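Survey of secondary and tertiary structure
Listed below are the residues making up each chain.
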Amino acid sequence: VQLQASGGGLVQPGGSLRLSCAASGRTFSIYDMGWFRQAPGKEREFVAAITWSGGSTYYSDSVKGRFTISRDNAKNTVYLQMNSLKPEDTAVYYCARQSYSGSLYYITTYGYWGQGTLVTVSS
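Worth saying up front: this structure is predicted, and the values here are computed from it rather than measured.

Rules and cut-offs
- Residues numbered from 1 in each chain as written.
- Predicted model: local features only at pLDDT ≥ 70, side-chain atom pairs only at ≥ 80, totals over all residues.
- Heavy atoms only, no water.
- Helix = DSSP H or I, 4+ residues; strand = E, 2+ residues; numbered from the N terminus.
- Buried < 20%, exposed > 50% of the residue type's maximum accessible area, 1.4 Å probe, protein only.
- Contact = heavy atoms within 4.5 Å.
- Areas by Shrake-Rupley, 256 points an atom, 1.4 Å probe, with all protein chains shown as cover.
- Lys, Arg positive; Asp, Glu negative; His and termini not counted.
- Charge placed at Lys NZ, Arg CZ, Asp CG, Glu CD.
- Salt bridge = Lys/Arg side-chain N within 4 Å of Asp/Glu carboxyl O.
- Core = buried A, V, L, I, M, F, W, Y, C linked by side-chain atoms within 4.5 Å.
- Pairing = 2+ DSSP bridges.
- Disulfide = S-S within 2.5 Å.

Secondary structure summary: the chain contains zero helices and 11 strands in total. Ordered by position from N to C terminus, the α and β elements of the chain give β-β-β-β-β-β-β-β-β-β-β. If you line up the chain on its principal axes, its C-alpha atoms span 40 × 25 × 25 Å. The 123 residues of the chain split such that 43% are buried. At a minimum sequence separation of 6, the contacts of the chain that also span at least 24 residues come to 55%. Summed over its atoms, the accessible surface of the chain is roughly 6300 Å², and 48% of this surface lies on carbon and sulfur atoms. Each charge class in the chain can be summarised by its mean position, and for the 11 positive and 7 negative side chains these summaries are 7 Å apart.

Scanning the model with the defined rule gives four salt bridges in all. We note a salt bridge from R37 to D89, for which the minimum N-O separation is 2.9 Å. With R37 in strand β4 (residues 33–38) and D89 in the loop between β8 (77–82) and β9 (91–98), this pair connects stretches of sequence that are 52 residues apart. A relative accessible area of 5% means that R37 is categorised as buried. A relative accessible area of 0% places D89 in the buried class.

With that settled, consider the nonpolar core. Grouped together as the largest cluster of nonpolar side chains are 27 residues, with contacts concentrated most on W35, L80, M82 and Y93. Contributions of two or more residues to this core are made by β1 (3–6), β3 (17–23), β4, β5 (45–50), β7 (67–72), β8, β9 and β11 (117–121). The element contributing the most residues to this core is β3, with four residues.

Side-chain alternation along β1 places L3 and A5 on a buried face and Q4 and S6 on a face that remains uncovered. Alignment of β1 against β3, held across four bridges, turns out to be antiparallel. Each residue of the ladder has a partner; that of Q4, found in β3, is A22.

With that settled, the discussion passes to the state of the cysteines. Throughout the structure, instances matching the rule amount to one disulfide. Shown here is the disulfide that connects C21 with C95, its sulfur atoms set 2.1 Å apart. Classification of the bridge connecting C21 and C95 rests on its S-S torsion, roughly 60 degrees, and on that basis the disulfide is right-handed. Of this pair, C21 sits in strand β3 while C95 sits in strand β9, placing them 74 residues apart in sequence. Judged by relative accessible area, C95 falls into the buried class, the value being 0%.

Keep in mind these numbers describe shape, not what the thing actually does.
Shown next as structure tokens:
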């Protein structure tokens, strides 16, 4: 399984970006997916997750109401729409595929990770 994240870049505060994560393999549609981020000098943290069908989504308190996770199983892709971006959203964003039982909020639930895409929010 390979995960390829893209869509990062430099954006001004209040702006928007959409991240994409394309997955290889035929079984994408049966796995829950998540987005995490890691800011310089900080630990990797949960951002958002979506169940295999797209029927349920989960968000960290810091992004709730501003970010939206979605997926297109026909395209083997999960998205993260980020609106009203703030400087504190600056980080490398990683997509991940669930591999183990457990809460989707926990890093240990995920067994496959993309390479990360850098989001910088600055004026």
